[in-house]
Amino acid sequence: MPEPYETGRSRQRAWVEVDTAAISRNARSIQRLIGERTNLMAVVKADGYGHGAVAVARAALQGGAASLGVATLAEGVELRQEGIQAPVLVLGNLTQVEELRSCLRWQLMPTISSMREALLCQNLASGSGRTMPLQLKLDTGMARLGADWQEGPRLVASLRELDAIELAGLYSHLASADLPANDDDGLTHLQQQRFEQVLTSLRAQGLAAGCRHLANSAGTLRHRQHHFDMVRVGLALYGHPPATHLAERVPLEPAMQVHARVTLIRFVPAGVGVSYGHRYRTTAPTRLAVLAIGYADGVPRQLSNRMEVLFQGKRLPQVGAITMDQLVIDATAAPDLDIGGVVTLLGSQGQEQITPADWSARCDTIPWEVLCGFKRRLPRLKGGEEEWPLWDGGPAPKSVDGTVRAPSGP
Ligand SMILES: Cc1ncc(COP(=O)(O)O)c(C=O)c1O
């Protein structure tokens, strides 16, 4: 008889299930919102916010994304090594000549915040006989990366003098677009105005800015005036609104579910302390189930005694300290949950849903951190597939593209 809440037939101890079709649908929904004249950049840094960068990149491109954003050189190279040819912008600052040389080699576009890196690129590219595209970032109020926005027109004019580089884009980053408009002290509006002021000045001087972009997920959902030529979307692509007041702007489907298997059932009397430090003590005879997942996989330890899991559409409480590789739940109300049974930590079953925002609200962080907290030691499996090869021993199979390969050799 099929289980009422089929969680696939993975035989892993725990895994992240990624619905790549949901990512494509989210990309399409966002593209509909921004319209045909604005491009979508899928931000796939931090291993695709924990979903697996390569699988996410492919799904987002299929859903209409025109380019990809990564934070580091290695993240960009990984996409290229897997055969992805779409334009890739490195959002972090690359400061060393070797890093910029790799950008040229792998056709990754660096972000620059000063003339220093622009001149390094100019030297590299003029020696190679190729033109190197790059993008200039301006700080309009975030005080992180980017040249001072007032410097924008002068910098663009200087960059245009360098014949071996191409200024392919000009951008800035919003610091508080996820706050309701009344709560951000006008900062988003101010950043928008400063960015526009630079663009107006460039137009007056007849200087082209290339692709102009400002908005992250929150800016994209907040107002179309933030869209310009392109939006850089991370969180919403994975199916999560950056704030509850922005949740209704576009239909989004969470792409990640996290499941774990029961490895032991214990019956204990009342008064038993559970896990390190006995931070939980049973108050009645209890059926405990041990799950093979812990904080080393990405379940925040701060959720100890403050989270639940789903089994057959019901919530079961987690009890005691979450440990590195395991956690314990109270399965008294679920007599059908046995050794080998699968529970859902993040995801939905029937009417019940547990989201990264539920977790982040309980441990004083943000959904972004919850998602990219899931480590590569948890296999990423593509949702909806029927069967997974089991690996027993040998090197962990490479699973970032959503497929699990059995170890080769005898
Ligand atoms: C420069 C830049 N653009 C866009 C994004 C995407 O942000 P979000 O996940 O909020 O859409 C990020 C992520 O932090 C970023 O650093």
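All values reported here derive from a predicted model rather than from experimental measurement.

Some words on the overall build of the protein
Of regular secondary structure, the protein possesses 11 helices and 20 strands. A compact globule built from 410 residues should have a C-alpha radius of gyration of about 22 Å, and the protein, at 24 Å, falls within 12% of that. Projected onto the principal axes, the alpha-carbon positions of the protein cover approximately 80 × 60 × 40 Å. Relative to its full complement of 410 residues, the protein shows a buried share of 46%.

Describing the domain arrangement of the protein
In terms of domain boundaries, the protein breaks down into domain 1 (20–239) and domain 2 (255–382). If you average the C-alpha positions of domain 1 and of domain 2, the two centres end up 37 Å apart. In this complex, domain 1 contributes 13 residues to the contact, which on the side of domain 2 involves 11 residues. Within the residue set of the side of domain 1 that touches domain 2, elements represented by two or more residues are α1 (20–34) and α2 (45–49). A breakdown of the residues in the side of domain 1 that touches domain 2 according to their chemical character gives 7 nonpolar, 5 polar and 1 charged.

Some words on the site of the ligand
Around the ligand sit Val43, Leu91, His173, Asn216, Ser217, Ala218, Arg232, Val233, Gly234, Leu235 and Pro242, and those are all the residues in its vicinity. Within the residue set of the shell around the ligand, elements represented by two or more residues are α9 (217–222) and β10 (230–233). Residues of the shell around the ligand, tallied by class, amount to 6 nonpolar, 4 polar and 1 charged.

Digging into the nonpolar core
If you look at the biggest cluster of nonpolar residues, it comprises 110 residues, and the most contacted ones within it are Met41 and Ala42. At 7 residues, the largest contribution of residues to this core is made by helix α3 (residues 53–62). Shared between two domains, this core takes at least three residues from each, and those domains are domain 1 (20–239) and domain 2 (255–382). When residues no more than four places from it in sequence are discounted, the contact partners of Met41 are Ala65, Ala66, Ser67, Leu68, Gly69, Leu89, Met230, Val231, Arg232 and Val233.

Overview of the packing of helix α5 (residues 97–106) against helix α6 (residues 115–128)
How two helices pack is summed up by the angle between their axes together with the distance between the axes. Here α5 crosses α6 at 50°, and the two axes come no closer than 10 Å. By the angle between their axes, α5 is oblique relative to α6. Note that α5 runs across α6; the crossing there is right-handed. Within the contact between the two elements, α5 uses Val97, Leu100, Arg101 and Leu104 and α6 uses Glu117, Leu120, Cys121, Leu124, Ala125 and Ser128. When grouped by side-chain class, the residues that make up the contact of α5 with α6 number 7 nonpolar, 1 polar and 2 charged.

A few points about helix α4 (residues 73–81)
Listed in full, the buried residues belonging to α4 are Leu73, Glu75, Gly76 and Leu79. Down the axis of α4, the buried set is contained in an arc of 165°. They therefore lie on one face. Projecting away from the buried face of α4 at angles above 90 degrees are the exposed residues Ala74 and Gln81. The inward-facing, buried residues of α4 abut α2, α3, β3 (67–70), β4 (88–93) and α5.

A short note on the environment of Ala60
Its location among the elements puts Ala60 in helix α3. Exposure remark for Ala60: the 30 C-beta atoms within 10 Å place this residue in the buried category. A sequence separation of 190 residues divides Ala60 from Val250, and the C-alpha atoms of the two residues are 16 Å apart. Residue contacts for Ala60: discarding those within four places in its chain leaves Ile23, Ala27, Ala42, Ala65 and Leu237.

Concerning unusual backbone geometry
Of note in this structure, Tyr49 is not a glycine but carries a positive phi near 50°. Note that Tyr49 resides in helix α2. Look at Tyr49 and you get buried, because 27 C-beta atoms sit within 10 Å. Even without a glycine there, the phi angle at Gln312 is positive, about 50°. You can see Gln312 is positioned in the loop between β15 (308–311) and β16 (314–319).

Quick look at the environment of Trp106
With respect to the helices and strands, Trp106 occurs in helix α5. Take Trp106: there are 16 C-beta atoms within 10 Å of it, and that puts it in the partly exposed class. Apart from residues lying up to four places away in sequence, Trp106 is in contact with Gly76, Val77 and Arg80.

Section: the pairing of β15
Pairing of β15 with β16, which is carried by 4 bridges, proceeds in the antiparallel orientation. Bridging from a neighbouring strand, Val309 pairs with Leu316 of β16. The hairpin turn running from β15 into β16, its antiparallel successor, is 2 residues long, and Gln312 in that turn takes a positive phi close to 50°.

What counts and what doesn't
- Residues numbered from 1 in each chain as written.
- Predicted model: local features only at pLDDT ≥ 70, side-chain atom pairs only at ≥ 80, totals over all residues.
- Helix = DSSP H or I, 4+ residues; strand = E, 2+ residues; numbered from the N terminus.
- Rg over C-alpha atoms; globule rule 2.2 N^0.38 Å.
- Buried ≥ 20, exposed ≤ 12 C-beta atoms within 10 Å, placed from the backbone.
- Domains from an automatic or database assignment.
- Contact = placed C-beta atoms within 7 Å.
- Nonpolar A, V, L, I, M, F, W, Y, C, P; charged D, E, K, R; others polar.
- Near = placed C-beta within 6 Å.
- Core = buried A, V, L, I, M, F, W, Y, C linked by C-beta atoms within 7 Å.
- Axes fitted to C-alpha atoms, helices over the stretch in contact; angles between N-to-C directions.
- Parallel < 35°, antiparallel > 145°, perpendicular 65-115°, else oblique.
- Left-handed = near helix turned anticlockwise from the far one by under 90°.
- Arc of directions from axis to C-beta.
- Pairing = 2+ DSSP bridges.

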